[in-house]
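Now for the letters of each chain:
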Amino acid sequence: MDEACLRCTAVPLEPLAGAEGIAFFECPNCSRRYSRRDGGVLTDKWGSPISLALYPIIFTKHPQDDADRVAKLVLESDTRQEQKRLVSEIREELARPTQPVSAILSGLMGTEEDVREFLRMVADRIDAAMD
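Nothing here was measured: the structure is a model prediction, and the numbers come from that model.

Conventions used here
Residues numbered from 1 in each chain as written. Predicted model: local features only at pLDDT ≥ 70, side-chain atom pairs only at ≥ 80, totals over all residues. Heavy atoms only, no water. 1 Å grid on protein atoms, 1.4 Å probe; cavity = no way out; pocket = protein on both sides within 12 Å on 5 of 7 lines; lining within 4 Å. Points joined across faces, edges and corners; volume = space filled by probe spheres on them. Helix = DSSP H or I, 4+ residues; strand = E, 2+ residues; numbered from the N terminus. Nonpolar A, V, L, I, M, F, W, Y, C, P; charged D, E, K, R; others polar. Buried < 20%, exposed > 50% of the residue type's maximum accessible area, 1.4 Å probe, protein only. Pairing = 2+ DSSP bridges. Axes fitted to C-alpha atoms, helices over the stretch in contact; angles between N-to-C directions. Parallel < 35°, antiparallel > 145°, perpendicular 65-115°, else oblique. Left-handed = near helix turned anticlockwise from the far one by under 90°. Contact = heavy atoms within 4.5 Å. Salt bridge = Lys/Arg side-chain N within 4 Å of Asp/Glu carboxyl O.

## Description of the layout of surface pockets
Next up, step 1: The volume enclosed by the largest pocket comes to roughly 300 Å³.
Next up, step 2: Around the largest pocket sit 14 residues that line it, and P49, L52, A53, V74 and D78 are the ones nearest its centre.
Next up, step 3: Going through the elements one at a time, α1 (49-54), α2 (67-77) and α3 (80-95) are the ones with two or more residues in the lining of the largest pocket.
Next up, step 4: Of the residues that constitute the lining of the largest pocket, the class distribution is nine nonpolar, two polar and three charged.

Next comes the structure, spelled out in structure tokens:
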């Protein structure tokens, strides 16, 4: 199955070395990396800004409850450049959805709507703190 970049749209992805049950890809245009589990959909690969923001809520049923905590973690541990990139990636995904963000990490328990709301809340809190 030929995959195309979720953001560059028409750019075919180049396959990378995979693992059992999961395929990895990279966009030759924007260098974003993606993964697709067997039988799953194409999503951001682990290590993307959004995947890192989602990791602290992997076993949380109501991720919005942890938005303050995760935003604080990002503000304390990431550089200003990383914070800006995370907010930009979140805002881009929320404005123009390209993937089910709840499928980025195996084990995320929140609904798609809850995870998207969590991401919006985290971006808002980081933006407010950077002003």
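Let us keep going from here.
## Thoughts on the pairing of strand β1 (residues 14-19)
Next up, step 1: The buried fraction of β1 amounts to zero of the six residues, a small share that puts the element mostly on the outside.
Next up, step 2: Bridging between β1 and strand β2 (residues 22-26) involves four bridges; their strand directions are antiparallel. Within β2, the position partnered with P15 by the bridge is F25.
Next up, step 3: Counted along the chain from β1 to the antiparallel partner β2, the turn is two residues long, and its residue G21 has a positive phi close to 85°.

## Re the packing of α3 against helix α4 (residues 112-130)
If you want to describe how two helices pack, look at the angle between their axes and the distance between the axes.
Next up, step 1: Between α3 and α4, the least distance of the axes is 9 Å, while the angle of their chain directions is 140°. Taken together, α3 and α4 sit at an angle that is classed as oblique. For the pair α3 and α4, the crossing hand works out as left-handed. Across the interface between the two elements, R80, Q83, K84, L86, V87, I90, R91, E93 and L94 from α3 touch R116, L119, R120, A123, D124, I126, D127 and M130 from α4.
Next up, step 2: Counted by class, the contact of α3 with α4 contains eight nonpolar, one polar and eight charged residues.

## Description of the pattern of salt bridges
Side chains that differ in charge, positive against negative, can pair when their charged atoms come close.
Next up, step 1: This model, assessed by the stated rule, comprises 16 salt bridges.
Next up, step 2: Between R7 and E93 there is a salt bridge, with the nearest N and O atoms lying 3.9 Å from each other. Of this pair, R7 sits in the segment before β1 while E93 sits in helix α3; the two residues are 86 residues apart in sequence, bridging distant segments of the chain. Each of the two residues, R7 as well as E93, counts as buried.
Next up, step 3: Here D124 and R91 are joined by a salt bridge, their closest N and O atoms 2.8 Å apart. Of this pair, D124 sits in helix α4 while R91 sits in helix α3; the two residues are 33 residues apart in sequence, bridging distant segments of the chain.
Next up, step 4: Linked by salt bridges that have partners in common, R7, R32, D44, E89, E92, E93, E112 and R116 make up one network.

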